[in-house]
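# Chains, contacts and geometry: an overview
As a plain string of letters, each chain reads:
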Amino acid sequence: MPLPKAELHLHIEGTLEPELAFELAERNGVRLPYADTEALRGAYRFDDLRSFLDLYYGLMAVLRTERDFEDLANAYLARAAAQGVRHAEIFFDPQAHLSRGVALGTVVEGLWRALERSEAVHGVSTQLIMCFLRDESAASALETLDAAKPYLHRITGVGLDSAEVGHPPVKFREVYEAAAALGLRRVAHAGEEGPPEYITEALDVLGAERIDHGLRCMEDPALVARLVRERVPLTLCPLSNVRLRAVDALAEHPLPAMLDAGLLCTVNSDDPAYFGGYAGDNFDAVRTALGLDEDRLRELARNSFTASFLEHDEERRAR
Ligand code: ES4
Ligand code: ZN
């Protein structure tokens, strides 16, 4: 039996497996620039975040209807459940769909059709986190937040993703202030490719309650001390870090050093269809490559619930 765990860093668009991509392409009459699923998998050769994102946004062309988003989420939830995920806080990228003419309502209501039945069907509780694309303007993020107002009863929080370098958190100060005023929880990607200063800024300027990735905090001992002292959760994604070359090899991943430093680390899958595995696969990979013992793995699973946005009673039930 896989360890019960919560997944806190998962882009739903990053769960689009090649087989489903071709099925949806056919259903929607969308032509993909790949002969078949093998050719598509063969295109998954990334050097960095940018080269990955170009392919990732391109493949989203097949997602058009509520049913597409429902099927996408159901496929993810079934795989996650099989790997011990009991709770998932799911990112989605509204701007990546709005810019293609897919309405926010189509995305949210489509995902919701799967999410509202997830506890009964998959045994997985869920929350939705709407992410802003940091390489788009702050004005576009504000418009997106405005467009989300009819759907806020379905949305727990906001996040910040896409190409990090050159797009510091401070760019989104007003958007996060507005999100907080609406009662939304706040997270942000920081310190994946960007410098440790972006982590500090995400905390101080955006009020981020969790840092997605946060890997590069290890370059700044004072920042590590602060993250430990303030119990700021980090949602690490080891297989993603290898595929996007944030680390040279899994065996060199700083996760053990981060745990030793007392950081509240969690292990997550990021974009599992692209990076070689779901949450359980990431747990298995770090156990094998980094020699983590059972106590460490249990600590990581426990951390995932501690770092979640579940209320205490919900958390106890999910564990
Ligand atoms: C992402 Cl790995 C990663 N980093 C930043 N933004 C993203 N969106 C999807 N995957
Ligand atoms: Zn991510």
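Keep in mind that this is a model prediction, so the values were computed, not measured. (Residues numbered from 1 in each chain as written. Chains lettered and ligands numbered in written order. Predicted model: local features only at pLDDT ≥ 70, side-chain atom pairs only at ≥ 80, totals over all residues.)

In sheet architecture, strand pairing relies on hydrogen bonds along the backbone and comes in two forms, parallel and antiparallel. One open sheet holds the 8 strands; their spatial order is β1-β2-β3-β4-β5-β6-β7-β8, and the pairing between them is parallel. Two strands lie at the open edges of the sheet, namely β1 (5–11) and β8 (264–267), each paired on one side alone. With strand direction ignored, the average angle separating the axes of adjacent strands in the sheet is 25 degrees. Inspection of the sheet shows strand β3 (residues 125–133) paired to strand β4 (residues 157–161) by 5 bridges, in the parallel sense. Each bridged residue has a counterpart across the sheet, and for methionine 130 the counterpart in β4 is valine 158. Packed on one face of the sheet, helix α16 (residues 294–306) meets β1 and β8 and runs near 100 degrees to β8. (Pairing = 2+ DSSP bridges. Helix = DSSP H or I, 4+ residues; strand = E, 2+ residues; numbered from the N terminus. Axes fitted to C-alpha atoms, helices over the stretch in contact; angles between N-to-C directions. Contact = placed C-beta atoms within 7 Å.)

Further remarks concern unusual backbone geometry. Positive phi is not limited to glycine here, since serine 162 has a value of about 80 degrees. Looking at the secondary structure, you find serine 162 in the loop between β4 and α9 (173–181). Taking the number of C-beta atoms within 10 Å as the measure of exposure, serine 162 has 20 and is therefore buried. (Buried ≥ 20, exposed ≤ 12 C-beta atoms within 10 Å, placed from the backbone.)

Here we take up the confidence of the model for the protein chain. Across the protein chain, the average pLDDT comes to 97, with 100% of residues at 70 or higher. Two summary scores accompany this predicted model of the complex, namely pTM at 0.98 and ipTM at 0.96. (pLDDT = per-residue confidence, 0-100.)

What follows is about the site of ligand 1. In the vicinity of ligand 1, the contacting residues are His11, Gly14, Leu49, Asp161, Ser162, His189, Glu192, Ser240, Asp270 and Asp271. Each residue belonging to the shell around ligand 1 can be placed in one class, and the counts come to 1 nonpolar, 5 polar and 4 charged. (Near = placed C-beta within 6 Å. Nonpolar A, V, L, I, M, F, W, Y, C, P; charged D, E, K, R; others polar.)

Taking the numbering used here, the UniProt-annotated feature "binding site: Zn(2+)" (unreviewed entry) corresponds to His9, His11, His189 and Asp270. Their sequence span is 262 residues, while the largest C-alpha to C-alpha distance among them is just 11.8 Å; these annotated residues converge on one region. Looking at the element boundaries, aspartate 270 is found in the loop between β8 and α14 (272–275). Leave out the neighbours within four places in its chain, and aspartate 270 touches His9, Leu10, His11, Gly14, Cys237, Ser240 and Phe275. (UniProt positions renumbered as here; feature names shortened; annotations may be inferred.)

Two elements in contact, helix α4 (residues 66–82) and helix α6 (residues 104–115), have axes separated by 7 Å at closest approach and are oriented at 40 degrees. Compared by their axis directions, α4 and α6 come out oblique. In this structure, the crossing between α4 and α6 has a hand that is right-handed. Facing Glu66, Arg67, Asp68, Phe69, Glu70, Ala73, Asn74 and Leu77 of α4, the residues of α6 in contact are Thr106, Val107, Glu109, Gly110, Leu111, Arg113, Ala114 and Leu115. Counted by class, the contact of α4 with α6 contains 7 nonpolar, 3 polar and 6 charged residues. (Parallel < 35°, antiparallel > 145°, perpendicular 65-115°, else oblique. Left-handed = near helix turned anticlockwise from the far one by under 90°.)

Looking now at the pairing of β4. Within β4, 5 of the 5 residues are buried, which leaves the element mostly enclosed by the surrounding structure. Side-chain alternation along β4 places Gly157, Gly159 and Asp161 on one buried face and Val158 and Leu160 on a second face that is also buried. Running through helix α8 (residues 138–147), the crossover from β3 to the neighbouring parallel element β4 is right-handed. Two strands pair when backbone bridges link them, and β4 and strand β5 (residues 185–190) are joined in this way by 2 bridges, in the parallel orientation. Bridging across to β5, glycine 157 finds its partner in arginine 185. As a crossover connection, the stretch from β4 through α9 into β5 is right-handed. (Right-handed = clockwise from strand over helix to strand, strands pointing away.)

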